[in-house]
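Structural overview for review
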Amino acid sequence: MIEETLWHPVALGADVVGQPLAARLLERDVVLWRDAAGTVHAWADQCPHRGARLSLGRVQDGRLECPYHGWQFEASGRCMHVPALPSFVPPASSCAHTYAAREAYGLVWVQIVQGEAALPAFAAEDDARLRKLHCGPYGVATSAPRLVENFLDMAHFGFVHEGWLGMRSVPGDARHATAIDDYQVRPTPTGLLATGCKAWQPQSNLHSTAPAQVEYTYEVTGPYSAVLTKVPDAATVAIAGYHESIALFVCPLTPEASCVWFRLAVADFESPDDKLRAFQHTIFMQDQPVLESQRPRRLPLDLRAELHTAADKASSAYRRHLKTLGITFGVC
């Protein structure tokens, strides 16, 4: 599967400390651990000796030790010590099944089949004017593509996020605030870029002081990742020059279950982390029950399977992109 050659987030880097950590990716059990140098590793969570879960073991002298018979594996995956036979030198074939692992954006990323795929981009990560923090993880009973499509969708703001990111009418204005003006979508090598996206919002961010029309830019940076950037009307925000960029990183656990993190990059260095996370948490808690109610949970790539309008052009482009890539995990 092409999905196996992609990089996927599986855990916060800060959670992989001391002892091994169990994770899940593409219906596989994965163990994460750090060697003596602090380098993170991702292996199949199964000892090659008798199949015990390595995540139940421990890190001993920079090696991962199996909980069953104490076999110890070095960073390369090779077994270096069998306690039952102290003088035995394990052959090179006595190895754990290893995956590629790396850290970026505060997350551990894993690639099941090594290839040339790049990590999903998040340009705001290198912007010193923006503060970065995570919100999540959230376990969600839906496919990874359904989560990305919801992230790209503005037409639900006035209903799912009424009073927050959306409103049904603009005070003093007879027009419906739920109307979606035309916007532009163009394909990119990683998915799509949607610009000129506008929405009336009573509270577009933590520091909103009045309802405003906010302009969004959306970019799909990988099959299961996307970034939104929004700049509210300066007169409706308490912080001068306020803007933010939010990345959605989804780990496909199974075709119908996912784990999701939000990477926040905000022009706010004063608010406590918990306060910034609370706003994003509120928004996603409004999304989650609706997302989990959608049927089928796997995203239909046949555009005839569900109805579409001009307001859905970003999600339609996303579905076409997944079909072109040959994505099969989480779609139908």
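Scroll up for the structure.
Structure report, in brief. (Residues numbered from 1 in each chain as written. Predicted model: local features only at pLDDT ≥ 70, side-chain atom pairs only at ≥ 80, totals over all residues. Heavy atoms only, no water.)

A look at the overall build of the protein chain
Within the protein chain, the secondary structure is distributed over four helices and 17 strands. Here the C-alpha coordinates of the protein chain stretch approximately 85 × 50 × 30 Å along the principal axes. Within the protein chain, the proportion of its 332 residues that are buried is 51%. Long-range pairs, those at least 24 residues apart, make up 60% of the contacts in the protein chain between residues at least 6 apart in sequence. (Helix = DSSP H or I, 4+ residues; strand = E, 2+ residues; numbered from the N terminus. Buried < 20%, exposed > 50% of the residue type's maximum accessible area, 1.4 Å probe, protein only. Contact = heavy atoms within 4.5 Å.)

Details of the environment of A314
With respect to the element layout, A314 can be found in helix α4 (residues 313–325). With a relative accessible area of 3%, A314 lands in the buried category. In the structure, A314 is positioned 150 residues away from W164 in sequence and 22 Å away in space, judged by C-alpha atoms. Residue contacts for A314: discarding those within four places in its chain leaves L152, Y183, V185 and L192.

So, the environment of Q286
Relative to the elements of secondary structure, Q286 occurs in helix α3 (residues 273–293). Residues Q286 and F159 lie 127 residues apart in sequence; the distance between their C-alpha atoms is 9.9 Å. Discounting residues that sit within four places of it in the chain, Q286 has contacts with V160, H161 and W164.

Regarding the sheet that holds strand β6 (residues 63–65)
Taken in spatial order, the four strands make up an open sheet running β5-β6-β7-β8, and their pairing is antiparallel. Lying at the two open borders of the sheet, with one neighbouring strand each, are β5 (58–60) and β8 (79–81). Two strands pair when backbone bridges link them, and β5 and β6 are joined in this way by three bridges, in the antiparallel orientation. Within β6, the residue paired with Q60 across the bridge is R63. (Pairing = 2+ DSSP bridges.)

Thoughts on the packing of aromatic side chains
Taken as a whole and assessed by the stated rule, the structure comprises 15 aromatic pairs. Relative to Y218, the ring of Y216 lies with its centre 5.5 Å away and its plane at 20°, an arrangement referred to as stacked. For Y216, a relative accessible area of 2% puts it in the buried group. Each member of the aromatic cluster is reached from another via a ring pair, and the members are Y138, F151, F157, Y216, Y218, F262 and F284. The ring of W7 is capped by R102, whose NZ or CZ atom sits 5.5 Å from the centre of that ring. (Phe/Tyr/Trp six-rings, centres within 6.5 Å; stacked < 30°, edge-to-face > 60°. Lys NZ or Arg CZ within 6 Å of the ring centre and 35° of its normal.)

Details of the nonpolar core
Generally speaking, soluble globular proteins have nonpolar side chains that are buried together. If you look at the biggest cluster of nonpolar residues, it comprises 80 residues, and the most contacted ones within it are V10, L32, V110, Y218 and F262. The element that contributes the greatest number of residues to this core is strand β17 (residues 257–266), accounting for seven residues. When near neighbours in sequence (up to four residues on either side) are disregarded, Y218 contacts F151, L152, M154, F157, L192, L193, A194, C197, V227 and L228. In this structure, L54, W71, F73 and A96 belong to the second largest nonpolar core, which totals 14 residues. (Core = buried A, V, L, I, M, F, W, Y, C linked by side-chain atoms within 4.5 Å.)

Description of the pattern of salt bridges
For the structure on display, the rule yields 18 salt bridges. As a salt-bridge pair, D127 and R129 come within 2.9 Å of each other at their nearest N and O atoms. On the basis of relative accessibility, which here comes to 15%, the residue D127 falls in the buried class. Between R146 and E149 there is a salt bridge, with the nearest N and O atoms lying 4.0 Å from each other. Of this pair, R146 and E149 both sit in helix α1 (residues 144–152), separated by three residues, roughly a single helical turn. The exposure class of E149 is buried, given its relative accessible area of 10%. Salt bridges sharing partners connect three or more residues here, namely R146, E149, E306 and R319. (Salt bridge = Lys/Arg side-chain N within 4 Å of Asp/Glu carboxyl O.)

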